[in-house]
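# Examining the three-dimensional arrangement
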Amino acid sequence: MYHGVVQLLETREAARPTSPEGARWLLLIHQIPPKPSYFRVKIWRRLQRLGAVAIKNSVYVLPRSDQAQEDFEWVRAEISEGGGDASMCEARFVEGLSDEQIEALFNAARDADYAPIAKQANRLAKRSAAGFSNEARRAQAEAELLRLRRRFDEVAAIDFFAALEGGPVDGLLALLAARVRREEKESARIADDSIPLGALRARTWVTRRGLHIDRLASAWLIRRFIDPEAAFKFVASKGHVHTPGELRFDMFDAEFTHEGERCTFEVLLERSELDDPALRALAEIVHDIDLKDGKFGRPEAAGIESLINGIAMAHKDDPDRLARGEAVFADLHTYLRRKTERDGRERR
């Protein structure tokens, strides 16, 4: 049954203590009896929850890790107990599928998982755009937002390669959370105006992994104009424990994040009181890309969005994305500054 399914340079039983050099993947290859039919569906759902993707019928793959091995072991045992047969191996592909193609399969699966969350979040955003007419409606929105956040965290936990749709959905949920908090009028809100941005030096700034437009631009703004000695830490959105003294941005319960209809870059720019027309123009571009509402109609937005998507596709590690992003935004700021100066001279 398994002949020709994959071509491997080397495979070994996953239970052995050594691994083939360069093996990036774990494969689960199974045969499940046709009856009862619910058992096949049960195993399929189990594999979906683990984030595994199928590369052939009855052949599933996960990035190799201790957790993935343990997860597959449980599924393999369950299949065996149900009268089926399953094998697990560590592998690297030398023909047929490439690592990049397998990563694309994972990203496509996660983008499909994010899509219904985004759809529901957008509906909630439209309903709450004008505020909440009473406390009951606000509470209902808060409960719905909590469900969406939990579902997002579940998907993010198996988003092994930072699918592109994850960042925008996370940003939209952060915007909705800020809107709900604003309605609650929480006096103890962490991100208040009392933090003196001008006095910040050599702080650790924390944000979510998988940097994209708002976080990349905000990190550049922080290091270039607010805290030149800033250090950055990139963490999982789920399970992060805040360390006193660190400053979070563009994440849930952050000191600096979306407020109302403003993205994090806009909030940081306002709090820092930087009087720079080029930065204001840049904030409009970031807003249009991040919130996707076309509020400012910036003509540069489409090109910059494609460039940022390219950085995300080409660079999996956040420090690499940050280095590329800083260069892009530095050059973009120079262009916008000269453009505004030129426009100003022409108007005179």
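The structure reproduced in this document is the subject of the present report. (Residues numbered from 1 in each chain as written. Predicted model: local features only at pLDDT ≥ 70, side-chain atom pairs only at ≥ 80, totals over all residues. Heavy atoms only, no water.)

### A short note on the pattern of salt bridges
Under the counting rule described, the total for this entry stands at 24 salt bridges. Linking Asp153 and Arg149 is a salt bridge whose minimum nitrogen-to-oxygen distance equals 3.9 Å. Of this pair, Asp153 and Arg149 both sit in helix H4 (residues 135-157), four residues apart, which is roughly one turn of that helix. The same class applies to Asp153 as to Arg149, namely buried. (Salt bridge = Lys/Arg side-chain N within 4 Å of Asp/Glu carboxyl O. Helix = DSSP H or I, 4+ residues; strand = E, 2+ residues; numbered from the N terminus. Buried < 20%, exposed > 50% of the residue type's maximum accessible area, 1.4 Å probe, protein only.)

### Digging into the sheet that holds strand S7 (residues 231-235)
Taking strand neighbours across the sheet as the criterion, the three strands line up as S7-S6-S8 in an open arrangement whose pairing is parallel. Strands with a single pairing partner mark the edges of an open sheet, and in this sheet they are S7 and strand S8 (247-248). Across the sheet, helix H6 (residues 213-226) lies against strand S6 (204-208) and S7, angled at about 170 degrees from S6, the strand it touches most. (Pairing = 2+ DSSP bridges. Contact = heavy atoms within 4.5 Å. Axes fitted to C-alpha atoms, helices over the stretch in contact; angles between N-to-C directions.)

### Things to note about helix H8 (residues 277-291)
Its 15 residues place the ends of H8 21 Å apart at the C-alpha level, agreeing with the 21 Å of an ideal helix rising 1.5 Å per residue. Along H8, 12 of the 15 residues are buried, which leaves the element largely enclosed by surrounding structure. Restricting attention to buried positions, one finds in H8 the residues Ala278, Leu279, Ala281, Leu282, Ala283, Ile285, Val286, His287, Asp288, Ile289, Asp290 and Leu291. Its side-chain oxygen 2.8 Å from the backbone nitrogen of Ala278, Asp276 forms the N-cap of H8. Lys292 sits one or two positions beyond H8 and adopts a positive phi of about 55 degrees. (Expected span 1.5 Å × (residues − 1). Polar contact = N/O pair within 3.5 Å; in protein donor to acceptor, adjacent residues only side chain to side chain.)

### Quick look at the packing of aromatic side chains
Applying the stated criterion to the full structure yields 10 aromatic pairs. With 6.1 Å between their ring centres and 10 degrees between their planes, Trp25 and Phe106 make a pair best called stacked. With Trp25 in strand S2 (residues 25-31) and Phe106 in helix H3 (residues 99-128), this residue pair connects regions lying 81 residues apart in the sequence. This pair shows no difference in class: Trp25 is buried, exactly as Phe106 is. Linked through ring pairs, Trp25, Phe106, Phe160 and Phe161 together constitute an aromatic cluster. (Phe/Tyr/Trp six-rings, centres within 6.5 Å; stacked < 30°, edge-to-face > 60°.)

### Some points on the environment of Leu145
Summarising the element assignment, Leu145 is placed in helix H4. Considering only alpha carbons, one finds Leu145 and Ala177, 32 residues apart in sequence, at a separation of 7.3 Å. In this view, Leu145 contacts Leu124, Leu173, Leu176, Ala177 and Val180; residues no more than four positions away in its chain are not counted.

### Thoughts on the nonpolar core
One finds Trp205, Leu221, Ile222, Phe232, Phe265, Leu282 and Phe329 to be the most contacted residues of the largest nonpolar core, which totals 40 residues. For this core, the elements supplying multiple residues, two or more each, are H6, S7, helix H7 (264-272), H8, helix H9 (301-314) and helix H10 (318-347). Take this core: its biggest share by element is nine residues, from H8. Aside from chain neighbours lying at most four places away, what touches Phe329 is Ile213, Leu216, Ala217, Trp220, Leu282 and Ile308. Formed by 29 residues, the second largest nonpolar core is a distinct cluster that contains Ala52, Ile55, Ala68 and Ile102. (Core = buried A, V, L, I, M, F, W, Y, C linked by side-chain atoms within 4.5 Å.)

### Describing the pairing of strand S3 (residues 53-56)
With three bridges connecting them, S3 and strand S4 (residues 59-63) associate as antiparallel partners. Looking across to S4, one finds that Val53 is bridged to Val61. In sequence, S3 turns back onto S4 through a hairpin of two residues, with Ser58 there showing a positive phi of about 70 degrees.

### Observations concerning the environment of Ile102
Within the element layout of this structure, Ile102 appears in helix H3. Taking the relative accessible area as the measure of exposure, Ile102 reaches 0% and is therefore buried. Sequence separation of Ile102 and Pro63 is 39 residues, and the distance between their C-alpha atoms is 9.6 Å. Among residues more than four places away in sequence, those in contact with Ile102 are Trp25, Val61, Phe93 and Leu97.

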